[in-house]
Amino acid sequence: MPISSMTGFGLAESAAPSGNYRVEIRGVNNRYQDVQIRLPKFAMNLEAKVKKELSAIISRGSISVFISCDRGEVSDVKLTWDKSVVDNYLRIFNEVKDEYGLAGEIRLADLLRYSDFIRSESVAYSEDALWKHMRPAVAAAVKAFQESREVEGAQLVKELRKILKDITKTLQQIEKRVPERVKEYSAALSARVDKLIAAQPDPQRIATEVAMMAERLDITEEITRLRAHIEKFSADFDSDEPVGKRMGFLLQEMNREANTIGSKANDTEIAHKAVVLKENIEKIREQIQNIE
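Residues numbered from 1 in each chain as written. Predicted model: local features only at pLDDT ≥ 70, side-chain atom pairs only at ≥ 80, totals over all residues. Heavy atoms only, no water.

Draft legend 1. Representation of the environment of Lys165. Inspection of the secondary structure puts Lys165 in helix α4 (residues 127-196). The spacing of Lys165 and Asn280 is 115 residues in sequence and 10.0 Å in space, taken between C-alpha atoms. (Helix = DSSP H or I, 4+ residues; strand = E, 2+ residues; numbered from the N terminus.)

Draft legend 2. The arrangement of the packing of aromatic side chains in detail. Within the structure shown, the criterion is met by 2 aromatic pairs. Taken together, a centroid distance of 5.9 Å and an interplanar angle of 90° make the contact between Phe233 and Phe237 edge-to-face. On the basis of relative accessibility, which here comes to 0%, the residue Phe233 falls in the buried class. (Phe/Tyr/Trp six-rings, centres within 6.5 Å; stacked < 30°, edge-to-face > 60°. Buried < 20%, exposed > 50% of the residue type's maximum accessible area, 1.4 Å probe, protein only.)

Draft legend 3. Region of interest: the environment of Ile67. Relative to the assigned elements, Ile67 resides in strand β4 (residues 61-70). The spatial distance from the C-alpha of Ile67 to the C-alpha of Glu13 is 9.6 Å, given a sequence separation of 54 residues. Each residue touching Ile67, except ones within four places of it in the same chain, is listed here: Arg22, Val23, Arg38, Leu39, Pro40, Val50, Met134 and Val138. (Contact = heavy atoms within 4.5 Å.)

Draft legend 4. Local environment of helix α6 (residues 220-235). Compared with an ideal rise of 1.5 Å per residue, which puts 16 residues at 22 Å, α6 spans 23 Å between its outermost C-alpha atoms and is within 8% of the ideal. Among the residues of α6, Glu222, Ile223, Leu226, His229, Ile230 and Phe233 are the ones counted as buried. Seen end-on, α6 carries its buried residues on one side only, within an arc spanning 120°. Turned more than 90 degrees away from the buried face of α6, the exposed residues are Glu221 and Glu231. (Expected span 1.5 Å × (residues − 1). Arc of directions from axis to C-beta.)

Draft legend 5. Examining the nonpolar core more closely. In terms of nonpolar packing, the biggest core is built from 30 residues, with Ile167, Phe233, Met254, Ile261 and Ile284 touching the most fellow members. With 9 residues, α4 is the single largest residue contributor to this core. With 25 residues, the next largest nonpolar core counts Ile37, Ala43, Leu130 and Val138 among its residues. (Core = buried A, V, L, I, M, F, W, Y, C linked by side-chain atoms within 4.5 Å.)

Draft legend 6. Local environment of the pairing of strand β2 (residues 19-28). Note that strand β1 (residues 8-16) and β2 share 9 bridges and pair antiparallel. When the bridges of β2 are listed, Glu13 appears paired with Arg22. In sequence, β1 turns back onto β2 through a hairpin of 2 residues. Across 9 bridges, the pairing between β2 and β4 is antiparallel. (Pairing = 2+ DSSP bridges.)

Draft legend 7. Local environment of helix α8 (residues 268-287). Its 20 residues place the ends of α8 29 Å apart at the C-alpha level, agreeing with the 28 Å of an ideal helix rising 1.5 Å per residue. Where α8 is concerned, the buried positions are Ile270, Ala274, Leu277, Asn280, Ile281 and Ile284. End-on, the buried residues of α8 take up no more than an arc of 125°, which puts them together on one face. Turned more than 90 degrees away from the buried face of α8, the exposed residues are Thr268, His272 and Glu286. Between a side-chain oxygen at the N-terminus of α8 and the backbone nitrogen of Glu269 the separation is 3.2 Å; the capping residue is Asp267. (Polar contact = N/O pair within 3.5 Å; in protein donor to acceptor, adjacent residues only side chain to side chain.)

Structure (C-alpha cells):
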C-alpha cells in the first residue's frame, strides 16, 4: 500500500430494502486513531462494525463518519390478516345461512365489512440484515476515502523528494567548502604567527596546529550520518506500512546532525548552509504531519 495522507474524503450511496444509505467519511491528521461515527437511531448497534471496516486501512488519524438513511417510501409497518378471524366469520355466516335457510354466496365484500381481521405489524430488521443493507455503501465510501488519501500521499511524496534533493545539494556545497576552510585557517594562522614573532615560523608546527584544528572541526561523520538518514527517509516512500511516526524520528536525527554541522564548522559560509539545511528539514516536518 503506497504512502497515505491522513487527510481524505469518501462518499458513497446505496439502496436497500430498509432505505437508501449515504455514507460520508472525512479524515484529518492526528497522532492517534480517533474515529467518530454518527448513525441513524435504528442502526446505532452497527457502530462497532463500521469502525472495524475503517480500522482495516487506518492506523492513525481523526476520522468522522456520517451515515444517513432516507427511508422514503419504506415503512416500518406492514399490513397482514388474521386467518383464524376470517375462519370464524365464515363459520358464523354459514351457520346463519343454515339456520334460516338463506340463499346466496358469501363474498369478499361481505368480509371486508368486518375488516378487523386486517391488522398492521411493525417490520423489525435484525442487526445482521441492517448491516447487510448498509455495508455496500460503507465499503464503497471507505474505498473512495482510501483512494483520496493515496492521491494526496503521492503529492506529499513528490514535494518531499524535492526538499530532500535540496538538502543533498546543500550537503554537497558544505563538503566542497570544508577543504577550502582548512586552507584558509592555515593561511590565517601563519599570518598571525608572523605578526607575533620576528623569526620564520616553524612550518611543521603550523601544519600540526592546522591538523589538530581540522580534526576538531571535522564534520565528515555528521555529513555521512545525515546522508544515511536521507537514504532511509527516501526508502520509506516505498514502504507497505504506515511510516509517518518513523519519519518524525528520522527528522529529529537529521536536525541534530544539521545543528552539529553548524556549530562545529566555525565557518560563516558553512553556518549559513546549515541554516538552509534546518529550514528544509522544518519544511519536511510540516509536510509529514499529514502522513499516516
